[in-house]
Amino acid sequence: ADKKPHMNIVFIGHVDHGKSTTVGRLLYEHGEIDQRVIDQYRQEAEKLGKSTFEFAFVMDRLKEERERGLTIDVAHRKFETDKYYFTIIDAPGHRDFVKNMITGTSQADAAVLIVAAPEGVMEQTKEHIFLARTLGVPQMIVAINKMDATKPPYDEKRFNEVKEQVEKLLAAVGWKDVPFVPISAYKGDNIMKKSENMPWWKGPTLLELLNNLKVPPKPTDKPLRIPVQDVYSITGIGTVPVGRVETGVLKVGDKVTFMPANKSGEVKSIEMHHEPMKEAYPGDNIGFNVRGIGKKDIKRGDVCGHTSNPPTVAKSFIAQIVVLNHPSVIAPGYTPVFHAHTAQIACRFEELIKTLDPRTGQTKQDHPDFLKTGDIAMVKIVPTRPMVIEPVKEIPQLGRFAVRDMGQTVAAGQCIEVEKKTL
Ligand code: GDP
């Protein structure tokens, strides 16, 4: 009954500023790196003639594994403090950060922005601050990393310079009261315990800041929405869709409808981690058996809701997008793949309504001929196949999307208004 709340955190920041090292340090110090992995690495270190086995070796190996593609997608890592269960949604590659933020199975409750002290604010630092804001991340912590590598080392003056740079960026997009901490992920300063190398720092450690985060409210009062990740057929039970409850509450006995499949049935059982349960809440990853639905009736990308308030299928929708990274321009007729919740559907840019000034939100240009990298715009989108999407104001979890083309995230956005398709 007195279970600790869950907190999903995402690590953001410019490439090489130390996101993975900070995550690795947190997991390592909490004993969350598998003992077998550590033993294996220790043996390898010995073979290589390294007399002392260190955290750095673990980090380098984890990094190699990542580069070989072993943990390339959203990597889920967990640790627990006296206050929270933390799940870390690592954002190793900048390219897929946005896609992961939107289609990852966990939405971030807070972001930890890592900025390397020697380098200071870089391009992706700015982009990520802006994106975290646009994507609705509610809380942020800034860790100024690599304090061991400033000149001179652990320099208070450099920390304050970088802090000021970052504060300016935060203020520009409307972030307030964001706490800072100077750290060295590599050496372990101010991560779990106060650094002896920075006696000038009287503030909290990174761990204390994580523990000070506020508990995210659960969207239980919103309509039920469960994007389908997979569908199984289990002997003796029947059809079992699997997915994460994004909003609302699912109970055994509920009448549910899957859209756009437009198939309905009754919930006979719900399971999480092989345990039966009577009700499921936002954040729960569940499998549930629905009487009246066959395995072939529904698929990944469909969304389950109550029959009394089924998911919205869009004929078209109005969206606000930010063009992140497009090699040329986006013109009307462009049809890339949209990733929203678990769906991946080609959608056409039907109309470029206007571009907006990112600072003020005011109209910059009506009906531009094209959009290019850096533009923020209101657009009309037409899915080429039926697709569930909801206005972000009503159900934020089902209103965000990433636009992918040629293996990259070219844009990200949110749905403002839906023109419903009649089924
Ligand atoms: P990411 O791309 O943001 O995930 O960065 P990584 O965690 O992979 O770190 C990039 C490089 O910076 C690696 O070579 C790390 O060893 C190094 N690094 C990370 N944290 C620190 C630190 O606190 N001090 C120093 N000197 N180097 C660091």
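Residues numbered from 1 in each chain as written. Predicted model: local features only at pLDDT ≥ 70, side-chain atom pairs only at ≥ 80, totals over all residues. Heavy atoms only, no water.

Caption draft 1: The overall build of the protein, seen in detail. Across its full length, the protein carries seven helices and 23 strands. Residue burial in the protein is summarised as follows: out of 423 residues, 52% are buried. In the protein, of all internal contacts separated by at least 6 residues, the share reaching a separation of at least 24 is 71%. Here the protein has roughly 20200 Å² of accessible surface; of this, 49% comes from carbon and sulfur atoms. (Helix = DSSP H or I, 4+ residues; strand = E, 2+ residues; numbered from the N terminus. Buried < 20%, exposed > 50% of the residue type's maximum accessible area, 1.4 Å probe, protein only. Contact = heavy atoms within 4.5 Å. Areas by Shrake-Rupley, 256 points an atom, 1.4 Å probe, with all protein chains shown as cover.)

Caption draft 2: Looking closely at the packing of aromatic side chains. Inspection of every chain in the model, using the stated rule, returns 10 aromatic pairs. Ring centres of F317 and F338 lie 6.3 Å apart, and the angle between their planes is 80 degrees; this geometry places the pair in the edge-to-face category. Pair noted here: F317 is in strand β16 (residues 313-323) and F338 is in strand β17 (residues 337-340), with a separation of 21 residues, a long-range link. By the burial criterion, F317 is buried, and F338 matches it. K4 extends its terminal NZ or CZ atom over the ring of Y85, reaching a point 5.3 Å from the ring centre. Positioned over the ring face of F180 is K163, at 5.4 Å from the centre of the ring. (Phe/Tyr/Trp six-rings, centres within 6.5 Å; stacked < 30°, edge-to-face > 60°. Lys NZ or Arg CZ within 6 Å of the ring centre and 35° of its normal.)

Caption draft 3: Representation of helix α5 (residues 123-134). When the terminal C-alpha atoms of α5 are compared, their 17 Å separation across 12 residues agrees well with the 16 Å that a helix rising 1.5 Å per residue should span. Inspection of α5 places Q124, T125, H128, I129, L131, A132 and T134 among the buried residues, and these make up the whole buried set. Count one or two residues on from α5 and you reach G136, which has phi positive near 80 degrees. (Expected span 1.5 Å × (residues − 1).)

Caption draft 4: Representation of the confidence of the model for the protein within the structure. Averaged over all residues, the pLDDT of the protein is 87; the fraction at 70 or higher stands at 87%. Scored below 50 in pLDDT, residues 70-76 shows 17 contacts in the model against residues more than four places distant or in partner chains. Note on the complex model: pTM 0.71, ipTM 0.99. (pLDDT = per-residue confidence, 0-100.)

Caption draft 5: Fine view of the pattern of salt bridges. A complete count under the given rule lists 12 salt bridges for this structure. Between K163 and E167 there is a salt bridge, with its nearest N and O atoms 3.2 Å apart. Of this pair, K163 and E167 both sit in helix α6 (residues 156-172), four residues apart, roughly one helical turn. For K163, a relative accessible area of 23% gives the class partly exposed. Between E246 and R244 there is a salt bridge, with its nearest N and O atoms 3.3 Å apart. Owing to a relative accessible area of 13%, E246 belongs among the buried residues under this scheme. Several salt bridges share partner residues, and in doing so they unite K157, R158 and E161 into one network. (Salt bridge = Lys/Arg side-chain N within 4 Å of Asp/Glu carboxyl O.)

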